[in-house]
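Residue-level structure breakdown
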Amino acid sequence: MESGTYSYTLIGMSGAGKSTIGKMLAKKTDRFFYDSDSEVVRAAGGMKIPVIFEKYGEKEFRRLEKEILLDLIAKKSNSVISTGGGAMMQTEIAEADFAKTTSIWLKVSESALWERQKHNVAARPMLNAENPRERMQKLLAEREPIFQKADVIIEQDGLSMKEIVELIRTKLNERSPK
Ligand code: S3P
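Residues numbered from 1 in each chain as written. Predicted model: local features only at pLDDT ≥ 70, side-chain atom pairs only at ≥ 80, totals over all residues. Heavy atoms only, no water.

1. Observations concerning the environment of R42
Tracing the sequence through the fold places R42 in helix α2 (residues 36-43). Look at R42 and you get exposed, because its relative accessible area is 60%. A distance of 3.0 Å separates a polar atom in the side chain of R42 from a polar atom in the side chain of E39. (Helix = DSSP H or I, 4+ residues; strand = E, 2+ residues; numbered from the N terminus. Buried < 20%, exposed > 50% of the residue type's maximum accessible area, 1.4 Å probe, protein only. Polar contact = N/O pair within 3.5 Å; in protein donor to acceptor, adjacent residues only side chain to side chain.)

2. Some details on the sheet that holds strand β1 (residues 7-11)
The strands making up a sheet associate through backbone hydrogen bonding, with each pair oriented either parallel or antiparallel. Taken in spatial order, the five strands make up an open sheet running β2-β3-β1-β4-β5, and their pairing is parallel. Whereas interior strands pair on both sides, the edge strands pair on one side only; in this sheet they are β2 (32-35) and β5 (152-155). Averaged over neighbouring strand pairs, the angle between their axes works out to 20° when direction is ignored. Bridging between β1 and strand β4 (residues 101-107) involves five bridges; their strand directions are parallel. Within β4, the position partnered with T9 by the bridge is S103. (Pairing = 2+ DSSP bridges. Axes fitted to C-alpha atoms, helices over the stretch in contact; angles between N-to-C directions.)

Structure below.
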C-alpha cells in the first residue's frame, strides 16, 4: 500500500540515484523528502562531506550520519528518506531502518555504477584510493548482503528514472504497510 504514514527509505551505493529518485517518489506519493547526506552537511554548518572526511575523519562522519538517520527514522513519518551509501553498514541504522520503514534497494550493476562515478571520484571520499574501481567493488561486495535484506529490490539497469519510480510504486502497492 502506498498510503499511510510510515516512511520509505532508499538504500544502495553511491551513484544509484537515491536522491533524484527519492525526490521524484516523494512528489508522486505526496510525501516529504529528506536526504541524510544533506542533513549531515546542514548539521556540520554547511561543511561538504569530503571536507568533513578530510578534517574530522570517517568516524566523525559516521557518528553524525547515525545521529541524523536514527532521528529521521524515528521522528519523520509520511516521508521518503534517501540514505548515504555506507549508512546501512552501521548495525543500529540498519536495524532501525528495516524495523521501522519500508526499505527500497536501488540496485545497479557494478559496471553502471562505475560509469556513473568515474568522473566524480574526488567528490566521493570512500573512493579515495589508488585504484578507485577496485575500492568500489570491495565496498559493493561488503554492502550487497545488507542491501539484499530490503523490503523492495529494484533492478534498475536499462530503466529510465520515470520507469524506476513507477516500478517502485507498483511494488509498494503489492505490499501491505508495516
Ligand atoms: C558514502 C556515500 C555517500 C556519503 C559519504 C559516504 C559511502 O553518499 O554518505 O560520502 O560510504 O558510500 P551517497 O551514497 O549519497 O553518494
